[in-house]
Amino acid sequence: MIRLRWTRERGLQRRATSGAVVAVTVLAGLVGAIVGVYLALSGGANYDLLITFGVNAVLVVGLQVLVGNTGIMSFGQMAFVAIGAYTAGILTTPTAIKASVLPQLPTIFRDHTMPVIPALLLAGLVAGVVALAIGPIFMRLTGIAAGITSFAFLVIVNDFLRHASSFTRGNETFFGVPQSANLPVVFGSLTGAVALAAIIKWSRLGLQARAVREDPLAAETAGIKVISSRVWPWVGSAFISGVAGALLAYQLTAFSPNSFYLNQTIPIVVMVILGGANSVAGAVVGATLLTAFQELMRNVEDGHLGPLHIPSVNGIAELALGVGLILLLLARPEGVMSSWEPQFLARRRNGGRPGPTATPAGDVASADSDAEAATEAAPLEERSQR
Amino acid sequence: MLEVTDLVTGYGKARAVDGVSLHVTQGSVFAVIGPNGAGKTTLMRAICGDLPMWSGAITFDGDSLRGLRSDARAKLGITLCPEGRRILSTLSVEENLRIGATPLARRHARSQRKRLVQEGLELAYERFPILRERRAAPGGALSGGQQQMLAIARALMSNPSLLLLDEPSLGLAPLVIEEVYGFLKTLRAEGLTLVLVEESAARALQFADRALVMKNGRTLLDGTAEEVRTSPRLSEAFLGEISEATL
Amino acid sequence: MTAFFQSLFDALSAGSTYVMLALGITLLFGVMGLVNFAYGDLIVWCGYLMALLAGWHVNAVVGIAAVVALATVLSVGMGETVFRPFRKAPPLTLLLASIGVSLVLQAAIRIIFGEGFRPVPTPTFLGNTVVVGGVRMSVLALVSLGTAAVVVAGLYVLLQHTTIGLQMRAYAEDSDVAGLMGVRRERILTAAFALSGVIAGIVAMLWFAKIGTVQPSGDLNPTIKAFIAIVIGGLGSVRGAVIGGLLLGLFESALGAYLPAGLLPYVEGFAFLLIILVLIARPQGVAGKTVELSR
């Protein structure tokens, strides 16, 4: 008999991979279904918002793959998003536009276009390959040094994009991308991203990466290579981010390097923390909550608070986000979901199958223990204090 | 001088000290002994304010220490010589000593501070010539025994009324331990009140006036050093209960 | 020969700003592990004050004092309110909290002053150039260099030869032991925030004298470069901050001078790239004392 349960990941106990992957993917699909129903019922009123939510969710899942598995908070995710966006943009923009706007583009790109979905996957792939190439460099650093260096990475890629004008139009707006960010594309991508995130999390790769995160020394003595264990979550994260970039390109249809910089990074980081850096489901939850919050703030800035009219002030959204972030870090740094994930688990029977369910008290999160509190309180860090 | 009543404290949800009481009279030496993990260091930390207490009371010269942080208690005259020395390795020997003088400076007017600290330094160098020799060396460059001397000298710079020493013999060669205890005898002769934490009972019990034996956060035995030393229950602290079966 | 001295001067004056920024940030990192992302916003606030003061025709000395005072008050303010509960938090959490503060400061500027540039007039004499022995030196660059030297020297004297400096160093190494030794910990933190603020105010004046305009979002690059400088130099070490800042200035000048023309637009990118290479070779930075895994 199969039951759906919410379980909290305790330490590094593995769960049945397939059960987890299926459950989390079903969750994403469910979200998409709810969205579709809502849309049908409301008659397309908040279409843009839903698309924004979907793209945000993919972005957050992408970041979560890195943070949840390696403990490294990277501020450079937007670099991969930008790479994905420009790749998809270059591949899908009609040749006529490319000929006039990007005359110096190599002919193979200028004279051909690709359909939307393959371009999306290719965008992810390009981002992933770049990540693979520079992975071994970044993955040597942890903690604050990694965070700071990831900023540098963002600036480098931004700089590069500004100057590679034959490919990107430099500082000017890159436009002409066909509007293809519809519900199936966006939520299909989200489902795929969630599935990939879950697979990485519960695979041997994810487990090794988290072992390194908990205790690098112990992991090394167990034979896990510290640097290479981090690379795959890093590449996976970049791939998903590249795909998100393509989605953004399809949604915005026009963008510049400035569209993928710090201002866009911060909300995604907040969403990851808000939802719970250790949980894939948390990523989706965080995206939901913050997108809703941002929409609310947008209305407030325009001067509407529900039925009330208030003076329209630019900057309130930013202020609220800043204050909210600080309060979040103070009150609940482990996020809404903490380490919880939904899973399908086979019920134990006498003489039943061996496996992860045989671990004691493994299923229902009941009694708290100090170890757990310690495991969850600092999702972003190595456990050691300064 | 120091009165601890039913102290309870710990880390997270774990109680490391579970209802311990003790009474230290001025000018005496009090020993706290027990095996690893008994809660001795936690007790010391609670007394000097490094760790907040959950319940119970600590009074010093009749005044309650509740709510006072470690730097405030240092100013009152309670100084801890911490477990493992905890010398500041990036500071020089002399700087370590100067930092130890902070509570002393706080007790006096600005005009007198410089002179008092200088006097304290001179005294420390007199007592421990090796420190004068290596005054400019970084704290981390000293040997274990020298660091212990430095730690004690540093603690003395504050001119304490109550000196807490957490495992002063830890990791030291027997000859060096003799030196350390010899020095502690001098301090006692000068009238300083000492509370000594040691894992190895023998030395401490020889030296102390009164003692407390801890196990698992609780008091197993207390009384005069003589009483504790000759008690049949002493080995219980370290070895567990002796039953018919094991005899 | 003159070419060499010219390059040296350019490198040093470029590095001087980075050195001061790096010092301001390292002070806080040393005592509590905080890489203050809002540091750049302190500078932006000063810029707006400078714009206002210029409009009110305030006396120069009063103006300087006011700018430094503002930066100090803001810095201590954020230290007392926001960062107080985070005193023992891990560095990454602190960085994120400082991002929150940065958002708040930026938003406040937007709300009060609105978007768009404001001019910050530069005293004209700073724009002059002096030529000594064939080396062209702008007065501003000289002032920058001189100020940085004073700041470095001043900080050195403060940390090595004063009581509060000693207490700060002790606290930075082991805050618990410092407390046991009678050091009042809140005072140390306040002092660190205050010093950091003073340096921010000084940098702001030099910065806006050079740039001439200010806007709410400020320029991210100097802040990031300061972060990079302290990482290359070695996190938490004052000496590291100075070395890192100088190295960064050196990298940039050298690249600017010797990079082939076609690659010149990518100067900044290359500078960052070189930094990353330094970090591969030596993750703890040039003068670093902490192994990267423990912070």
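Residues numbered from 1 in each chain as written. Chains lettered and ligands numbered in written order. Predicted model: local features only at pLDDT ≥ 70, side-chain atom pairs only at ≥ 80, totals over all residues. Heavy atoms only, no water.

With that settled, the discussion passes to the overall build of chain B. Along its length, chain B carries eleven helices and ten strands. Taking 18 Å as the expected radius of gyration for a compact globule of 247 residues, we find that chain B reaches 18 Å, a close match to that expectation. For chain B, the spread of C-alpha atoms along the three principal axes comes to 65 × 40 × 35 Å. The long-range fraction of contacts in chain B, counting pairs at least 24 apart against all pairs at least 6 apart in sequence, stands at 66%. In the form shown here, chain B has an accessible surface area of approximately 10,900 Å², with 51% of it arising from carbon and sulfur atoms. Averaging the coordinates of the 30 positive side-chain charges in chain B and doing the same for the 28 negative ones gives two points 8 Å apart. (Helix = DSSP H or I, 4+ residues; strand = E, 2+ residues; numbered from the N terminus. Rg over C-alpha atoms; globule rule 2.2 N^0.38 Å. Contact = heavy atoms within 4.5 Å. Areas by Shrake-Rupley, 256 points an atom, 1.4 Å probe, with all protein chains shown as cover. Lys, Arg positive; Asp, Glu negative; His and termini not counted. Charge placed at Lys NZ, Arg CZ, Asp CG, Glu CD.)

Let us now look at the overall build of chain A. A count of helical and extended segments in chain A gives 16 helices and six strands. Counting across all 386 residues of chain A, residues that qualify as buried make up 55%. Taking the contacts inside chain A whose residues are at least 6 apart along the sequence as the reference set, 80% of them involve residues at least 24 apart. Accessible surface computed for chain A: about 15,400 Å², of which carbon and sulfur atoms make up 65%. (Buried < 20%, exposed > 50% of the residue type's maximum accessible area, 1.4 Å probe, protein only.)

The next point concerns a positive patch on the surface. Positive charge collects at one region of the surface, where B:Lys75, B:Arg110, C:Arg184 and C:Arg187 lie side by side. Topologically, C:Arg187 is positioned in helix H8 (residues 185–211). Residue classification places C:Arg187 among the partly exposed positions, given a relative accessible area of 44%. (Patch = residues over 30% accessible without salt bridge, like charges linked within 9 Å, V, L, I, M, F, W, Y side chains within 5 Å. Salt bridge = Lys/Arg side-chain N within 4 Å of Asp/Glu carboxyl O.)

Residue and element names in this part refer to chain B. Inspection of every chain in the model, using the stated rule, returns 21 salt bridges over all chains. Measuring nitrogen to oxygen at the nearest pair gives 2.9 Å for the salt bridge that ties Glu-94 to Arg-135. In this pair, Glu-94 is assigned in helix H3 (residues 93–100) and Arg-135 in the loop between helix H6 (129–133) and helix H7 (144–156), connecting sequence segments 41 residues apart. Judged by its relative accessible area of 32%, Arg-135 falls in the partly exposed class. Here Glu-119 makes a salt bridge to Arg-115, at a shortest N to O gap of 3.1 Å. Separated by four residues within a single helix, Glu-119 and Arg-115 lie in helix H5 (residues 110–127), roughly one turn from each other. Residue classification places Glu-119 among the partly exposed positions, given a relative accessible area of 42%.

Let us now look at the interface of chain C and chain B. Contacts between chain C and chain B engage 17 residues on the former and 22 residues on the latter. Approximately 1,900 Å² of surface area, both sides summed, lies buried where chain C meets chain B, with 55% of it carried by carbon and sulfur atoms. When the buried area of chain C at its contact with chain B is split by residue, C:Glu173, C:Leu180 and C:Met181 rank highest and sum to 37% of it. On inspection of chain C and its partner chain B, the count reaches three salt bridges. (Buried area = accessible area lost by both parts, 1.4 Å probe.)

Now for unusual backbone geometry. All names here are of chain B. The phi torsion at Arg-85 lies on the positive side, around 70°, for a residue other than glycine. Examined against the element boundaries, Arg-85 turns out to sit in the loop between strand S6 (78–81) and H3. Despite not being glycine, Arg-86 has its phi angle at roughly 50°, a positive value. Within the secondary structure layout, Arg-86 lies in the loop between S6 and H3. A relative accessible area of 31% places Arg-86 in the partly exposed class.

Hydrogen bonds along the backbone pair up the strands of a sheet, which may run parallel or antiparallel. Residues and elements named next belong to chain B. Ordered by their spatial adjacency, six strands build an open sheet running S6-S7-S8-S3-S9-S10, and the pairing between neighbours is mixed. Of all strands in the sheet, those bounded by a partner on one side alone are S6 and strand S10 (218–224). Recorded for the sheet is a direction-independent mean angle of 15° between the axes of neighbouring strands. Packing of helix H1 (residues 40–48) onto the sheet brings it into contact with strand S3 (29–33), S6, strand S7 (162–166), strand S8 (193–198) and strand S9 (210–215), and relative to S7 it is tilted by some 150°. Most of the contacts of helix H8 (residues 174–189) go to S8, to which it runs at about 155°, and overall it touches S3, S7 and S8. (Pairing = 2+ DSSP bridges. Axes fitted to C-alpha atoms, helices over the stretch in contact; angles between N-to-C directions.)

Here the focus is the interface of chain C and chain A. Listed by partner, the interface residues are 50 residues for chain C and 47 residues for chain A. Here chain C packs against chain A, burying approximately 4,400 Å² in sum over the two surfaces, 76% of which is carbon and sulfur. Counting the surface chain C buries against chain A, the share from its top three residues, C:Leu92, C:Leu96 and C:Leu103, is 15%. Between the two partners, chain C and chain A, sit one salt bridge. Residue C:Arg110 is joined to A:Glu318 by a salt bridge in which the shortest nitrogen-to-oxygen separation is 2.6 Å. Between the two partners, chain C and chain A, sit one residue pair in polar contact (both at pLDDT 80 or more). Looking at the side of chain C that touches chain A, the elements with two or more residues in it are helix H1 (2–32), helix H4 (91–113), helix H9 (220–233) and helix H11 (267–281) of chain C. Element by element, the count of residues in the side of chain C that touches chain A is highest for H4(C), at 15 residues. (Polar contact = N/O pair within 3.5 Å; in protein donor to acceptor, adjacent residues only side chain to side chain.)

Residues and elements named next belong to chain A. Applying the stated criterion across every chain, the model contains 16 aromatic pairs over all chains. An angle of 15° between the planes, with centres 5.4 Å apart, marks the rings of Phe-174 and Phe-255 as stacked. Here Phe-255 lies in strand S3 (residues 254–255) and Phe-174 lies in strand S2 (residues 174–175), a separation of 81 residues in the sequence. With a relative accessible area of 2%, Phe-255 lands in the buried category. (Phe/Tyr/Trp six-rings, centres within 6.5 Å; stacked < 30°, edge-to-face > 60°.)

What follows is about the pairing of strand S1 (residues 2–11) of chain B. Residue and element names in this part refer to chain B. Summarising the sheet, S1 and strand S4 (residues 55–60) pair through five bridges and their orientation is antiparallel. Considered in S4, the bridge of Val-4 is made with Ile-58. Relative to strand S2 (residues 14–24), S1 is paired through eight bridges, and the arrangement is antiparallel. Following the sheet pairing, Gly-10 is matched in S2 by Arg-15. As consecutive antiparallel partners, S1 and S2 are separated by two residues, and within that stretch Gly-12 has a phi angle of approximately 65°, a positive value.

Turning our eyes to something else, we now look at the environment of A:Leu319. Secondary-structure assignment places A:Leu319 in helix H15 (residues 316–331). Assessed through its relative accessible area of 28%, A:Leu319 is described here as partly exposed. C-alpha of A:Leu319 to C-alpha of A:Glu220: the two residues are 99 residues apart in sequence and 44 Å apart in space. Non-local contacts of A:Leu319, meaning those with residues more than four positions away in its chain, are made with C:Val104, C:Ala107 and C:Ile111.

Take the confidence of the model for chain A next. Residue and element names in this part refer to chain A. Looking at chain A, the pLDDT average stands at 76 and 77% of residues meet or exceed 70. Mean pLDDT values for the elements of chain A range from 35 in helix H16 (residues 370–377) up to 91 in helix H3 (residues 77–92). Across residues 347–386, confidence stays below pLDDT 50; counting only partners more than four residues off in sequence or on other chains, it has 82 contacts. (pLDDT = per-residue confidence, 0-100.)

Next up on the list: the sheet that holds strand S5 (residues 63–64) of chain B. Residues and elements named next belong to chain B. The sheet built from four strands is open, its strands ordered S2-S1-S4-S5 with antiparallel pairing. The two strands at the open ends of the sheet, each matched to only one other strand, are S2 and S5. Here S4 pairs with S5 via two bridges, running antiparallel. By the bridge assignment, Phe-60 is partnered in S5 with Asp-63. In the packing of H1 onto the sheet, the strands contacted are S1, S2 and S4, and the crossing angle to S1 comes to about 115°.

Next up on the list: the packing of helix H2 (residues 47–70) of chain A against helix H9 (residues 183–202) of chain A. All names here are of chain A. Where H2 contacts H9, the two axes come as close as 10 Å, and the packing angle between them is 15°. Considering their axes alone, H2 and H9 lie roughly parallel with respect to each other. Regarding H2 and H9, the two cross each other, and that crossing is left-handed. Facing Tyr-47, Leu-50, Ile-51, Phe-53, Gly-54, Val-55, Ala-57, Val-58, Val-61, Val-65 and Asn-69 of H2, the residues of H9 in contact are Leu-183, Val-186, Phe-187, Ser-189, Leu-190, Ala-193, Val-194, Ala-197, Ile-200 and Lys-201. Of the residues in the contact of H2 with H9, the class split is 17 nonpolar, three polar and one charged. (Parallel < 35°, antiparallel > 145°, perpendicular 65-115°, else oblique. Left-handed = near helix turned anticlockwise from the far one by under 90°. Nonpolar A, V, L, I, M, F, W, Y, C, P; charged D, E, K, R; others polar.)

This next bit is on the nonpolar core. In this structure, B:Leu43 and C:Phe83 are the most contacted members of the largest nonpolar core, which totals 225 residues. For this core, the element with the most residues is H8(C), which contributes 13 residues. Those residues within four positions of B:Leu43 in sequence are excluded, and the remaining contacts are B:Leu7, B:Val17, B:Val20, B:Leu22, B:Val32, B:Leu212 and B:Met214. (Core = buried A, V, L, I, M, F, W, Y, C linked by side-chain atoms within 4.5 Å.)

A separate point is the pairing of S7(B). All names here are of chain B. Most of S7 is tucked away: five of the five residues are buried. Residues Leu-162, Leu-164 and Asp-166 line one face of S7 and the alternating positions Leu-163 and Leu-165 line the opposite face, and both faces are buried. Handedness of the S7-H8-S8 crossover: right-handed. (Right-handed = clockwise from strand over helix to strand, strands pointing away.)

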